[in-house]
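Survey of secondary and tertiary structure
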Amino acid sequence: SIISDNNHFALATIMTIPILIHLYLQSRNTLLRVALVGGMFMLVVAVIGTNSRGGFIGIVALGAWIFVTTRKKARFLAIAIPIALVALYQRFRLL
């Protein structure tokens, strides 16, 4: 498969997250929105699980883009900081 490498898999996974964000913003169905948020969370965890440095940088860049473009910065930080702490623990065993 073309996505057999960890770096390629991380890239393909990161590229799908903005699509899910767009679908989330366009959807009015609560159940669909919950499913999309769960999917985004699982994709972020999958990228962290690849142990790809490029994937980690991609997640950081995507998070920075979301932070800059969102109006609800406090809500984004409340969600992103715990995920970032888990990612740092898993990736670097810092905490």
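Located above this text is the structure these notes cover.
Here is a short report on the structure shown in this document. Note that residues are indexed from 1 along each chain, following the sequence as it is written. In view of the model being predicted, local features appear only for residues whose pLDDT reaches at least 70, and side-chain atom pairs are presented and counted only at 80 or more, with totals across whole chains, interfaces and linings using the full set of residues. In computing side-chain values, all of the structure's heavy atoms are included and hydrogens and water are not.

Examining the packing of aromatic side chains
Pairing of aromatic rings covers Phe, Tyr and the six-membered ring of Trp, with a centre-to-centre limit of 6.5 Å; geometry is then stacked below 30 degrees between planes, edge-to-face above 60, and tilted otherwise. Taken as a whole and assessed by the stated rule, the structure comprises 1 aromatic pair. Each ring, one from F67 and one from F76, has its centre 6.1 Å from the other, and the planes form 45°; the classification is tilted. Three labels apply to residues, based on accessible area from a 1.4 Å probe with only protein chains included: buried if under 20% of the type maximum, exposed if over 50%, partly exposed otherwise in between. Judged by relative accessible area, F76 falls into the buried class, the value being 17%. Here R33 stacks its cationic end above the ring of Y24, 4.0 Å away from the centre of that ring. Counted as over-ring charges are cases with an Arg CZ or a Lys NZ within 6 Å of the ring centre that also lie within 35 degrees of the ring normal. Seen from the ring of F67, K73 lies directly overhead, with NZ or CZ sitting 5.0 Å from the centre.

Some words on the side chain of T50
Numbering of helices and strands runs from the N terminus, with a helix taken as a DSSP run of H or I at least four residues long and a strand as a DSSP run of E at least two residues long. Along the chain, the position of T50 falls in the loop between α2 (30-49) and α3 (53-69). Separated by 2.6 Å, the side chain of T50 and the backbone oxygen of V47 make a polar contact. Leave out the neighbours within four places in its chain, and T50 touches N6, F9 and A10. The term polar contact refers here to a pair of N or O atoms within 3.5 Å; inside protein, the definition further demands a hydrogen-donor-capable atom paired with an acceptor-capable atom, and it admits residues adjacent in sequence only when both atoms are side-chain atoms. Residues count as neighbours in contact if any of their non-hydrogen atoms are within 4.5 Å of one another.

In short, shape yes, function no, at least from these values alone.
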